[in-house]
Amino acid sequence: MELYTKDLCVRFATRSGDIPAVNHVSLAFSERQVTGIIGETGSGKSVLGLSILGLLQSNASVTGQIFLGERELTALSERELCTVRGREIALVAQNPATSLNPSVRVGRQIEEVFRLAGKSTPDCRRLTLELLRQMAFSDPKQIAGAYPFELSGGMRQRVLTAIAVAARPQWLIADEPTKGLDAVVRNQVYDTFCMVRDQYRVGFIVITHDLLLARKFCERIVVMYCGRVLETNAARELFEHPRHPYTQGLIASLPHLGMKPMAGFSPAFTDQPSGCVFHPRCPYAEARCRHTEPKSIPCGEGSVCCHRYA
Ligand SMILES: Nc1ncnc2c1ncn2[C@@H]1O[C@H](COP(=O)(O)OP(=O)(O)OP(=O)(O)O)[C@@H](O)[C@H]1O
Ligand code: NI
């Protein structure tokens, strides 16, 4: 089923004012499509992911809509959402160290998902070992008997992926799956994700700063800045022909493309620039960029939000 947002806005109430973390985001994720969400820190990537899962903190207010097929997720009660979260849309958490229960053996934590799905105890055991083997653990029994702290960061990441797919969701949202991992382990995460995509036929939303992973793994890329979507396109097109000056800046900071850091900083959410939010940092900014917010313009298989293409 298609997953999509319509004019989604998320604001957080804080003591220093309202933080508009996600602004008017309308995105469609087609069934089984792999989408990467990229953008500098604080651009609203995680908030967008959490809003789809209905996991925003209580100071958040949401307007606009999120749909899974015909069902409007933004209209469901917390109880109804619980039947969607984990079973239909699952999260591969950002930090394996805090999202696994430290005092419960890994096998038990995976078995629990099967148990909640109504499987018998022997089936839970068997399915857990099968799943661990599929996650490229050569000795699933040993891993099942281990506590999270006995595993490396990369192994814990694979365990979290196992927990996410155990309920056979249609959608997986992975937030920074390669954060803090070295190159070898990042490649293992990539291999695991490819296996999951092919064997489980899930749609993926991968939130990441790892542009190499995004380019390698994703079919489509969404570029966020200040809670807005500035550009989307097929991954290949976006990396080879980035349209938005912000996307161009992100890509130019890649190590093999010169590692040129982008000038300037994201503005504070409480003090957003007028017109195009990127104009203070944009090498092409003109008068209209300072006072008129650009509309989203169709471009290839995606869109770009920039006056240069209007
Ligand atoms: N509960 C909250 N209350 C107030 N502000 C929040 C809350 N949660 C997130 N924010 C703010 O929303 C903005 C977007 O945060 P978000 O975590 O989505 O960024 P991100 O793109 O995922 O960044 P990173 O790449 O660093 O993970 C940030 O300015 C963040 O501080
Ligand atoms: Ni984040």
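Residues numbered from 1 in each chain as written. Chains lettered and ligands numbered in written order. Predicted model: local features only at pLDDT ≥ 70, side-chain atom pairs only at ≥ 80, totals over all residues. Heavy atoms only, no water.

In the annotation of an unreviewed UniProt entry, the entry for the chain reads Nickel import system ATP-binding protein NikD, and the organism field reads Flavonifractor plautii 1_3_50AFAA. The annotation that UniProt attaches to the chain under Sequence similarities (unreviewed entry) is "Belongs to the ABC transporter superfamily." According to the UniProt record, the Subcellular location (unreviewed entry) comment for the chain is "Cell membrane". (UniProt positions renumbered as here; feature names shortened; annotations may be inferred.)

(A) Highlighting the sheet that holds strand β10 (residues 220-225). Strand order in the open sheet formed by 8 strands is β7-β8-β9-β4-β10-β11-β13-β12, and the pairing between neighbours is mixed. Every other strand in the sheet has two partners, leaving β7 (89-92) and β12 (297-299) as the edge strands with one partner each. Neighbour-to-neighbour, the strand axes of the sheet open up by a mean angle of 25 degrees, direction not taken into account. For β10 and strand β11 (residues 228-234), the ladder comprises 6 bridges, and the chain directions are antiparallel. (Pairing = 2+ DSSP bridges. Helix = DSSP H or I, 4+ residues; strand = E, 2+ residues; numbered from the N terminus. Axes fitted to C-alpha atoms, helices over the stretch in contact; angles between N-to-C directions.)

(B) Geometry of the layout of surface pockets. By volume, the largest pocket is sized at about 560 Å³. Together, 21 residues line the largest pocket, and R85, G86, R87, V113 and I163 are the ones closest to its centre. Listed by contribution, the elements that provide at least two residues to the lining of the largest pocket are β7, α4 (106-116) and α7 (153-166). The greatest single-element share of the lining of the largest pocket, amounting to 4 residues, is contributed by α4. Along the lines of polarity and charge, the residues of the lining of the largest pocket split into 15 nonpolar, 3 polar and 3 charged. One number sums up the size of the second largest pocket: a volume of about 340 Å³. Those elements giving two or more residues to the lining of the second largest pocket turn out to be β2 (17-25) and β11. Among the elements that make up the lining of the second largest pocket, the one with the highest residue count is β11 (4 residues). Its residues assigned to classes, the lining of the second largest pocket shows 8 nonpolar, 6 polar and 2 charged. (1 Å grid on protein atoms, 1.4 Å probe; cavity = no way out; pocket = protein on both sides within 12 Å on 5 of 7 lines; lining within 4 Å. Points joined across faces, edges and corners; volume = space filled by probe spheres on them. Nonpolar A, V, L, I, M, F, W, Y, C, P; charged D, E, K, R; others polar.)

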